[in-house]
Amino acid sequence: MTHIVEVSDLTKRYDGGFEALKSVTLSIQEGEIIALLGPNGAGKTTLISTICGITRATEGQILIGGHDSITDYRAARSLVGLVPQEINLEPFETVMNTVRFSRGLFGKKPDAAYLEKVLRSLSLWDKKDAKIMMLSGGMKRRVLIAKALAHEPRVLFLDEPTAGVDVELRKDMWDVVAKLKEDGVTIILTTHYIEEAEAIADRIGVIAKGEILLVENKDALMARMGQKSMTIMLADPVAEVPEALATYDLTVKDGHLVYTYDTRTDRTGITGLLAALPSAGLKMTDLQTQQSSLEEIFVSLVADNTKGADA
């Protein structure tokens, strides 16, 4: 698959010596959705701002569609749309004029049919003549996306696109992102919401203290790093793990046994455990399994990185 964005050894160092980005290398495939997860101050916004040309890197190279972001910046930036965290729109302007103006800033010829398509895809067409000040917060965020798409970019950066919106609006935005992908737009989003990345991303990138810890296919990441737990519901609850089952990785929760096992191993030990229950004097009534969530994996990765930095 073609790489639409290629970041090589990107470093951003400020005058005081603080490094917001530390030799970041990242390749983004055309047509994918990649979510960048990280705690506050991890460098997510700095990375996006640098790729989009708002912040200048201290070292490293950025290629967008094969164009160098410094030596061929006009061509590189024309391929990029950015939806910032903050809602910064002219309150007395109409939706259509706002989007039309953004298209003109990139030197694009007027195209009413394309702008209509963008507004319709974002459920904004019936609001095209409404002033920005009359829109809800969710609608304003959609206008920000329409502005970013007005010049027909191939890559769309969404910096915390659902920050501060309620759950229903957040899911609406997920639908919008999915439709954009169907139209061939490559999407890179930063988010604090683990469930957002889990719901819509193809790949997950984890960033902490200015460094990329990993970038991996979402499903592969969860299969590789996730663990499964199995709750064995018992007819007669127990207070502790029976001695006959001491060799198994078992804990007791609410009187029932919880078995944790690695999904990567060929043998999970489940068959042996279930066969051993009668000899321990236990009768199983039900089984429940649960996969580790992306949130648990993310917390583990960031915690490991913090330990390494403090060591």
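If you're wondering where the values come from, they're calculated on a predicted model, not measured in any experiment.

Draft legend 1. Looking closely at the sheet that holds strand β3 (residues 33-37). Read from one edge of the open sheet, six strands run β6-β7-β8-β3-β9-β10, paired in mixed fashion. The two strands at the open ends of the sheet, each matched to only one other strand, are β6 (80-83) and β10 (211-217). Within this sheet the neighbouring strands show an average axis-to-axis angle of 15 degrees, counted without direction. Pairing between β6 and strand β7 (residues 155-159): four bridges, direction parallel. Counted as the bridge partner of V83 is L158 from β7. Against the sheet, helix α1 (residues 44-51) touches β3, β6, β7, β8 (186-191) and β9 (203-208), its axis set at about 150 degrees to β7.

Draft legend 2. Spotlight on the nonpolar core. Ranked by internal contacts, the top residues of the largest apolar core, which has 45 residues, are I145, L156, L158, L180 and I204. Counting residues per element, this core draws most heavily on helix α5 (residues 137-149), at six residues. Excluding residues within four positions of it along the chain, I145 makes contact with V83, L122, L156, L158, M173, V176 and L180. L21, V24, L36 and I64 belong to the second-largest nonpolar core, a separate cluster that totals 24 residues.

Draft legend 3. Fine view of the sheet that holds strand β4 (residues 59-64). Ordered by their spatial adjacency, four strands build an open sheet running β2-β1-β4-β5, and the pairing between neighbours is antiparallel. Strand pairing shows two members of the sheet lacking a second neighbour, β2 (19-29) and β5 (67-68), which therefore form its edges. As judged from the five bridges shared by strand β1 (residues 3-13) and β4, these two strands associate in the antiparallel manner. Opposite V7, over in β4, you have I62 as the bridge partner. On the sheet, α1 packs against β1, β2 and β4 and is oriented at approximately 65 degrees with respect to β2.

What counts and what doesn't
Residues numbered from 1 in each chain as written. Predicted model: local features only at pLDDT ≥ 70, side-chain atom pairs only at ≥ 80, totals over all residues. Heavy atoms only, no water. Pairing = 2+ DSSP bridges. Helix = DSSP H or I, 4+ residues; strand = E, 2+ residues; numbered from the N terminus. Axes fitted to C-alpha atoms, helices over the stretch in contact; angles between N-to-C directions. Contact = heavy atoms within 4.5 Å. Core = buried A, V, L, I, M, F, W, Y, C linked by side-chain atoms within 4.5 Å. Buried < 20%, exposed > 50% of the residue type's maximum accessible area, 1.4 Å probe, protein only.

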